[in-house]
Amino acid sequence: MRLLKGNQEFRSMSGKPKLIYFNGRGRMETVRWLLAAAGVEFEEIFLDTREQYVKLIKDGSLMFQQVPLVEIDGMKMVQTRAILSYIAGKYNLYGKDLKERAFIDMYVEGITDLMHMIMMFPFSPPEVKEKNLALLMERATQRYFPVFEKAFKQHGQDFLVGSRVSWADIQLMEAILAVEEKIPAVLSGFPQLQAFKTRMSNMPAIKKFLQPGSPRKPPPDEHYVANVLKVLTEEWSPH
Amino acid sequence: MPGKPKLYYFCGRGRMESIRWLLAAAGVEFEESFLETRDDLLKLEKSGALLFQQVPMVEMDGMKMVQTRAILSYIAAKHNLYGKDLKERVLIDMYVEALMDLDELLMHHPFQPADKREQDLANIVDKATNRYFPVYEKVLKNHGQDFLVGNQLSKADVLLLEALLMAEECKPDILAKFPLLQSFKARISNVPTIKKFLQPGSQRKPPIEEKDIPKVMKIFNVAQ
């Protein structure tokens, strides 16, 4: 939901979480997924100009001068993992005990490493893009997906950890779709993951998030990259 | 048999050092199995012990845990170093995530090629003194308490002390402008379990020496 730009501030009267980031996926997309899957409505403010960013730093909103920033429950939360852990904990997406949480954490960290490759992809120079794509394929099909395929095969349950949906399932779903955008047939050797993908797509909150008009962001393009660089870099000029 | 946690890594700091710190601070004795060669790592991988083919790996409580953050979170929660509720936990997480970002820079510094080292060090000092340390100095100033969060020792305090000491190794006077961090450093260093860890003969690892860098790069198959 696009809100007021430029110098106008938005005061959230609704009590909904407020997401402050660029108008694109980046590090905020997993937060959007998690909130959406938990059925939590949220608002967004998009950073389009360097002035907005500098103002956020100057008024002390960004603890470490970085976005993502999520205003939620009276806090200005930064650091993606901290935000995600909080949401998972609050909305019961973090397993039932310490051991389930440990597994969710392990899986999520692995998926995050995979997603990091995808996130950095548009920012890599053209001459290494092909090499990076090959590495992405290798990591996805040799290191990460086999782990989750095996987990489902072994326990035969619908969800990765325990008996209910967790942060790990949501982030795995996000990762599968993101990798498929780059490598369409990537799930061909993973029947369990294919079934998982179908199951997750049919969960009402996720189904809604996957429909057009939802807060889900499209894959990054040159405009997104240019916008990020413009906002974050002190001296930037188009070329 | 509920034995001690067993840590699998090379005999150096890297990503395992924060885990050593946290276990030590929690008063938990642990064992270590050191990878000396790339073959040692490959053998461990082949045995299926490494979920994502990577170390650190910590065997504890019947699990072969991997992923540094997952391991740290488990230890913290188990040993009451994670605050008392969700709000304290998220503060701890925010502080720790930033420290891990700084830690990442410190960890990679010795592996920078010689011609990049000076610039890298300048970047580390800049981030430490302009982005990270001011935040913790301010937190301590604002609440005037001994610990960063919730008036009790947490993962955040342990990792901050670790970061402060590592930063000082890079630049001995790096805390000159941070009086509260200096007193924090003294105070937390005196917590009995941490004091013990800081003494010679503990499992704390020294900074990597120049001569060992090629060996470590070989273990992790990093191009030189």
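Preceding this paragraph is the structure being described.
Residues numbered from 1 in each chain as written. Chains lettered and ligands numbered in written order. Predicted model: local features only at pLDDT ≥ 70, side-chain atom pairs only at ≥ 80, totals over all residues. Heavy atoms only, no water.

Right, let's talk about the overall build of chain B for a bit. A count of helices and strands for chain B gives nine helices and four strands. A globule of 224 residues ought to have a C-alpha radius of gyration of about 17 Å, and chain B, at 18 Å, matches this closely. In terms of its C-alpha atoms, chain B occupies a principal-axis envelope of roughly 50 × 50 × 30 Å. The buried share of chain B, reckoned over its 224 residues, is 49%. Sequence-distant contacts, at least 24 apart, represent 66% of the contacts inside chain B between residues at least 6 apart. For chain B, the exposed surface amounts to about 10,600 Å²; the carbon and sulfur share of it is 52%. Where the 32 positive side-chain charges of chain B centre and where its 31 negative ones centre are 2 Å apart. (Helix = DSSP H or I, 4+ residues; strand = E, 2+ residues; numbered from the N terminus. Rg over C-alpha atoms; globule rule 2.2 N^0.38 Å. Buried < 20%, exposed > 50% of the residue type's maximum accessible area, 1.4 Å probe, protein only. Contact = heavy atoms within 4.5 Å. Areas by Shrake-Rupley, 256 points an atom, 1.4 Å probe, with all protein chains shown as cover. Lys, Arg positive; Asp, Glu negative; His and termini not counted. Charge placed at Lys NZ, Arg CZ, Asp CG, Glu CD.)

Bringing the packing of aromatic side chains into the picture now. Evaluation of the coordinates by the stated rule reveals 19 aromatic pairs over all chains. Centroid distance Tyr144(A) to Phe52(B): 5.2 Å. Interplanar angle 45°. Geometry classified as tilted. Of the two residues, Tyr144(A) is situated in helix H5 (residues 126–155) and Phe52(B) in the loop between helix H2 (38–46) and strand E3 (57–60); the pairing between them involves two chains. Residue classification places Tyr144(A) among the buried residues on the basis of a relative accessible area of 2%. (Phe/Tyr/Trp six-rings, centres within 6.5 Å; stacked < 30°, edge-to-face > 60°.)

Computed from the structure, the second largest pocket encloses a volume of approximately 550 Å³. Around the second largest pocket, the lining is made up of 20 residues, and of these Val147(A), Lys150(A), Gln154(A), Gly48(B) and Leu51(B) lie nearest the centre. Elements with a contribution of two residues or more to the lining of the second largest pocket: helix H4 (98–120) and H5 of chain A together with strand E4 (63–66) of chain B. Here the lining of the second largest pocket gets eight residues from one element, more than from any other, and that element is H5(A). Grouping the amino acids of the lining of the second largest pocket by side-chain chemistry returns 11 nonpolar, five polar and four charged. (1 Å grid on protein atoms, 1.4 Å probe; cavity = no way out; pocket = protein on both sides within 12 Å on 5 of 7 lines; lining within 4 Å. Points joined across faces, edges and corners; volume = space filled by probe spheres on them. Nonpolar A, V, L, I, M, F, W, Y, C, P; charged D, E, K, R; others polar.)

This part is about the interface of chain B and chain A. How big an interface is tends to be reported as the loss of accessible area on association of its parts. Taken together, the contacts link 32 residues of chain B with 33 residues of chain A. Here chain B meets chain A over a buried area of about 2,900 Å², counting both sides, of which 65% is carbon and sulfur. The tally of links between chain B and chain A comes to two salt bridges. Residues Glu97(B) and Arg81(A) are paired through a salt bridge, measuring 3.5 Å at the closest nitrogen-oxygen approach. Between chain B and chain A we count nine residue pairs in polar contact (both at pLDDT 80 or more) in total. Mapped by element, the contributors of at least two residues to the side of chain B that touches chain A are E4, helix H3 (68–78), helix H4 (86–108) and helix H5 (117–143) of chain B. If one sorts the elements of the side of chain B that touches chain A by residue count, H4(B) sits on top with 10 residues. A class-by-class count of the residues in the side of chain B that touches chain A yields 17 nonpolar, five polar and 10 charged. (Buried area = accessible area lost by both parts, 1.4 Å probe. Salt bridge = Lys/Arg side-chain N within 4 Å of Asp/Glu carboxyl O. Polar contact = N/O pair within 3.5 Å; in protein donor to acceptor, adjacent residues only side chain to side chain.)

For the rest of this paragraph, the subject is unusual backbone geometry. A cis amide bond, omega 10°, links Val67(A) with the succeeding residue Pro68(A). Topologically, Pro68(A) is positioned in the loop between helix H2 (50–58) and strand E3 (69–72). Omega for the peptide link from Val55(B) to Pro56(B) comes to 10°, which places this bond in the cis form. Residue position: Pro56(B) is located in the loop between H2 and E3. The residue Gln53(B) is not glycine, and still its phi comes out positive at about 60°. For Gln53(B), the position within the fold is in the loop between H2 and E3. For Gln53(B), a relative accessible area of 28% gives the class partly exposed. The residue Asn151(B) is not glycine, and still its phi comes out positive at about 55°. In this fold, Asn151(B) is placed in the loop between H5 and helix H6 (155–170).

Quick look at the sheet that holds strand E1 (residues 18–21) of chain A now. Residues and elements named next belong to chain A. If you trace the four strands from one edge of the open sheet to the other, you get E2-E1-E3-E4, paired in mixed fashion. Since the sheet does not close on itself, it has two edges, and those belong to strand E2 (43–46) and strand E4 (75–78), each with one partner. Sheet twist, expressed as the mean angle between neighbouring strand axes with direction ignored, is 20°. Where E1 meets E3, three bridges bridge the pair, whose relative direction is antiparallel. Following the sheet pairing, Leu-19 is matched in E3 by Val-70. (Pairing = 2+ DSSP bridges. Axes fitted to C-alpha atoms, helices over the stretch in contact; angles between N-to-C directions.)

None of this, on its own, says anything about what the molecule does.
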